[in-house]
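Remarks on the overall topology
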Amino acid sequence: MVSSSCLHSVLDTAVNGIIVIDDNGTILIYNRACENMFGYKSAEVVGKNVNTLMPSATAKQHDQFIRNYLKSGDPKVVGIGREVVGRHKDGTEIPIELSVGEAQTESGHQFIGVLKDLRATKEYEERLRVLQSNLVTMTRVNALDEMGAAIAHEVNQPLTALMLYLQTAARRARAADQPDDPMISLMDKAVVEAERAGQIIQRMRNFVERQAPQCIGTGLATLIDDCLELVRVGHEADDVEFISTFVDYNYQLELDSVQIQQILVNLIRNAGEAVKDQPVKQVVVSVERDDDNVFVKVMDTGPGLDEEAVSHLFKAFTGTKRRGLGIGLAISRSIAQNHGGDLLVEPYEEGKGATFTLRLPVNSKATS
Amino acid sequence: MIYIVEDDVSVRDAIARMFESLELSCAAFADGESFLSDASPRIDDTVFVDLHLPGLAGSDLIEKVAALDEAPQIVAISGQPLWKITRDLPKITTTPVVRKPLKEQDLLVYV
Ligand SMILES: Nc1ncnc2c1ncn2[C@@H]1O[C@H](COP(=O)(O)OP(=O)(O)O)[C@@H](O)[C@H]1O
Ligand SMILES: [Mg+2]
């Protein structure tokens, strides 16, 4: 025979909330985890109807639910479990995972509810969702930037040559002994069109240049944790270990957190891809500091990058797996440089994985 | 004399042809190293330097040329975004910058 005090201490050690009610809905047992969850002390609710712990819509119907079940034996919750909403003493609603069992005792029919507080899980999921959607938006903007910058740069050269050739040719045509007027007029028109193309390029470039980073104080350790979490979501299947060794949660840095996250997510994701088929699958993010700079290092146990690979690495549009949140290394580097920092890859070492170093100046100010 | 240091073949050729057709004498180079070894610019010359050069960087070349005894006039040419230009150009110099895409007027104002 288990003593009642022993039973209570067992109940109070349980991580989950435990509530026992009778067939009228009256609370008989209410453990300590419930006190934390709902804000009511045991003495405040034992003897009251369990619907005290529910938002009014459910509260009104709960007695009827019990009666229906007792009459029909048709379970809605009993033996099944489901996600329900509870109500805290202060009125806020609490997402709860509820499973219910039943028991016949000398004193009648009783129901035992085990409650898991989903608030932390929900908040966490919500935070990940927001992080992810920020990244998706920013990635779209940045992909446009990257394209714009690359086009502006690549088209600039031939356009410059074209313009100068045309102007020179037009001048020659004018200086000829017998000027060919229709020909001259055509060349002048061509010059005007080349000029128009030039203006479009310039406008595009101005647009790209206007994107100055929005720097605010940000906790670096949390930012790194968030990035690791974002990447982990896609790697649940293939036991890659993602680790951060930086735990100074008070350390703040002025930076554009979404942009820096993009860089880190890309680096961590690349590293995760690189270690996939390796015997040791590990990605480690560490931080080093000196007076002027913070160095965030992403190190992996992948095959590494030899000199040949490194030489193409930071060129625009060289990436292979452009999908979802991906931004390439080229734009990662230009974001870092916009922050007054840089993105570098450590020299190749036989038998070692790759290490990318993101340098950010302390007091990071945008150079624009 | 006008000097052009520009790595893009067609841009270099187009600039040279343009000056030639105006009967201005000019010499074109594909990089800073060959310019330094083969050219001897003088005070009333003009040197157009592309900032984006292989090997010796355009900004370093500008610094070297500006340090010459009878330094010529120097004009930087760049297709890069503004923040890159301001980062690359030595801050103290007053080197004018013309940005690509260019028209002949952009260059002719300097000669
Ligand atoms: N840590 C790494 N180890 C090995 N290869 C890498 C690593 N990071 C990047 N790479 C290589 O560089 C390429 C370019 O990366 P990136 O610019 O981020 O584009 P993407 O990831 O979309 O391919 C990758 O496809 C991969 O081949
Ligand atoms: Mg990538």
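Residues numbered from 1 in each chain as written. Chains lettered and ligands numbered in written order. Predicted model: local features only at pLDDT ≥ 70, side-chain atom pairs only at ≥ 80, totals over all residues. Heavy atoms only, no water.

Chain B carries the name Response regulator receiver domain-containing protein in an unreviewed UniProt entry, which gives Pseudovibrio ascidiaceicola as its organism.

**Regarding the overall build of chain B**
In terms of helices and strands, chain B carries five helices and five strands. Each helix and strand of chain B, placed in order from N terminus to C terminus, yields the pattern β-α-β-α-β-α-β-α-β-α. Here chain B holds 111 residues, and 48% of them are scored as buried. For chain B, the exposed surface amounts to about 5,200 Å²; the carbon and sulfur share of it is 51%. (Helix = DSSP H or I, 4+ residues; strand = E, 2+ residues; numbered from the N terminus. Buried < 20%, exposed > 50% of the residue type's maximum accessible area, 1.4 Å probe, protein only. Areas by Shrake-Rupley, 256 points an atom, 1.4 Å probe, with all protein chains shown as cover.)

**Concerning the sheet that holds strand 9 (residues 282-289) of chain A**
All names here are of chain A. Taking strand neighbours across the sheet as the criterion, the five strands line up as 7-9-10-12-11 in an open arrangement whose pairing is mixed. Edge positions in the sheet fall to strand 7 (241-244) and strand 11 (342-345), since each has one partner strand and no second. For this sheet the average axis-to-axis angle between neighbouring strands, irrespective of direction, equals 15°. As paired elements, strand 9 and strand 10 (residues 293-300) share seven bridges and run antiparallel to each other. When the sheet's bridge partners are listed, V284 is paired in strand 10 with M299. Contacts from helix 10 (residues 329-338) reach strand 11 and strand 12 (355-361) within the one sheet, and its direction differs from that of strand 11 by about 135°. (Pairing = 2+ DSSP bridges. Axes fitted to C-alpha atoms, helices over the stretch in contact; angles between N-to-C directions. Contact = heavy atoms within 4.5 Å.)

**Points about the coordination of the magnesium ion (ligand 2)**
In ideal tetrahedral geometry, four donors around a metal make angles of 109.5 degrees, whereas ideal octahedral geometry with six donors gives angles of 90 or 180 degrees. Within the first shell, the magnesium ion (ligand 2) binds the protein through A:N266 (OD1) and A:N270 (OD1), at distances of 2.1 to 2.3 Å. Placement of both A:N266 and A:N270 in helix 8 (residues 257-275) is noted, with a separation of four residues, approximately one turn of the helix. (Donors = N, O, S within 2.8 Å, 3.2 Å for Na, K, Ca; no water.)

**Examining the nonpolar core**
Residues and elements named next belong to chain A. Core analysis: the biggest nonpolar cluster contains 44 residues, and L220, I224, L264, I268, V296, F356 and L358 have the highest contact counts within it. Residue-level mapping places this core at the junction of two domains, with at least three residues from each of domain 2 (122-209) and domain 3 (216-361). Not counting chain neighbours up to four residues away, the residues in contact with L358 comprise I260, I263, L264, V294, F295, V296, A336, D342 and L343. Counting 23 residues, the second-largest nonpolar core is a separate cluster that includes F38, L53, I66 and I96. (Core = buried A, V, L, I, M, F, W, Y, C linked by side-chain atoms within 4.5 Å. Domains from an automatic or database assignment.)

**Details of the interface of chain A and chain B**
Facing the 23 residues of chain A at the interface are 25 residues of chain B. In total, chain A and chain B occlude about 2,200 Å² of area from one another, counting both sides; carbon and sulfur atoms represent 54% of this. In this structure, the connection of chain A to chain B is made through two salt bridges. Of the charged contacts, one joins A:E195 and B:K103 as a salt bridge, the two residues approaching to 3.7 Å between their closest N and O atoms. (Buried area = accessible area lost by both parts, 1.4 Å probe. Salt bridge = Lys/Arg side-chain N within 4 Å of Asp/Glu carboxyl O.)

**Concerning the packing of aromatic side chains**
Inspection of the entire model under this criterion finds six aromatic pairs over all chains. Judged by centre distance (5.4 Å) and plane angle (80°), the ring pair of B:F29 and B:F35 falls under edge-to-face. What makes B:F29 buried here is its relative accessible area of 11%. Overall, B:F35 belongs to the buried group, its relative accessible area being 1%. One aromatic cluster in this structure is built from B:Y3, B:F29 and B:F35. Its end group placed over the ring of A:Y251, A:R289 keeps NZ or CZ at 4.1 Å from the ring centre. (Phe/Tyr/Trp six-rings, centres within 6.5 Å; stacked < 30°, edge-to-face > 60°. Lys NZ or Arg CZ within 6 Å of the ring centre and 35° of its normal.)

**Some words on helix 1 (residues 9-21) of chain B**
Counted at 1.5 Å a residue, the expected span for helix 1 of chain B with its 13 residues is 18 Å, and the 18 Å between its end C-alpha atoms agrees. Among all positions in helix 1 of chain B, only B:V11, B:R12, B:A14, B:I15, B:A16, B:M18, B:F19 and B:S21 are buried. (Expected span 1.5 Å × (residues − 1).)

**A look at the layout of surface pockets**
All names here are of chain A. By volume, the second largest pocket is sized at about 760 Å³. Taken together, 30 residues form the lining of the second largest pocket, with M54, H62, V77, L98 and V100 sitting closest to its centre. Elements that contribute at least two residues to the lining of the second largest pocket include exactly strand 1 (17-22), helix 4 (56-72), strand 3 (82-87), strand 4 (93-105) and strand 5 (108-117). Of the residues in the lining of the second largest pocket, the class split is 20 nonpolar, six polar and four charged. (1 Å grid on protein atoms, 1.4 Å probe; cavity = no way out; pocket = protein on both sides within 12 Å on 5 of 7 lines; lining within 4 Å. Points joined across faces, edges and corners; volume = space filled by probe spheres on them. Nonpolar A, V, L, I, M, F, W, Y, C, P; charged D, E, K, R; others polar.)

**Quick word on helix 8 of chain A**
For helix 8 of chain A, built from 19 residues, the straight-helix expectation of 27 Å at 1.5 Å per residue is met to within 8% by its first-to-last C-alpha distance of 26 Å. With 15 of 19 residues buried, helix 8 of chain A lies mostly within the body of the structure.

**Some words on the confidence of the model for chain A**
All names here are of chain A. Here chain A shows a mean pLDDT of 86. Residues at 70 or above account for 89%. Long-range and interchain partners of residues 322-326, a stretch whose pLDDT sits below 50, account for 13 contacts in this model, where long-range means more than four residues apart. Under a pLDDT of 50 for its full length, residues 364-368 has, in the predicted model, 14 contacts with residues more than four places off or in other chains. (pLDDT = per-residue confidence, 0-100.)

**So, the confidence of the model for chain B**
Residue and element names in this part refer to chain B. A residue-level look at chain B finds 94% of positions with pLDDT of 70 or above and a mean pLDDT of 89. Helix 4 (residues 82-88) is the least confidently modelled element of chain B, averaging 71 in pLDDT, while strand 1 (residues 2-5) averages 97, the highest of any element. Here the complex is predicted with pTM 0.54, and the ipTM for its interfaces comes to 0.92.

**A closer look at the UniProt feature "modified residue: 4-aspartylphosphate" (unreviewed entry) in chain B**
Residue and element names in this part refer to chain B. Per the UniProt record, "modified residue: 4-aspartylphosphate" (unreviewed entry) is found at D50. Relative to the elements of secondary structure, D50 occurs in strand 3 (residues 46-50). Exposure remark for D50: the relative accessible area of 1% places this residue in the buried category. Apart from the residues lying within four places of it in its own chain, the contact partners of D50 are V5, E6, D7, G58, I77, S78 and K100. (UniProt positions renumbered as here; feature names shortened; annotations may be inferred.)

**Considering the sheet that holds strand 5 of chain A**
The strands that make up a sheet pair up through hydrogen bonds in the backbone, lying either parallel or antiparallel. All names here are of chain A. The five strands lie next to each other as 2-1-5-4-3, forming an open sheet whose pairing is antiparallel. With partners counted over all chains shown, the strands left at the sheet margins are strand 2 (27-30) and strand 3, one partner each. Within the sheet, the average angular offset between the axes of one strand and its neighbour, ignoring direction, is 35°. Here strand 1 runs beside strand 2; their pairing, made up of three bridges, is antiparallel. When the bridges of strand 2 are listed, I21 appears paired with I27.

**Topic: the pattern of salt bridges**
Residue and element names in this part refer to chain A. Under the criterion given, the structure shown has 19 salt bridges over all chains. Taking the shortest distance from any N to any O, the salt bridge between D12 and R32 comes out at 3.7 Å. Taken as a pair, D12 in helix 1 (residues 4-13) and R32 in helix 2 (residues 32-38) lie far apart in primary sequence, 20 residues in all. Using a relative accessible area of 46% as the deciding quantity, one classes R32 as partly exposed. Ionic pairing is found between K276 and E273, a salt bridge with its closest N-O pair at 3.7 Å. Its relative accessible area of 26% is what places E273 among the partly exposed residues.

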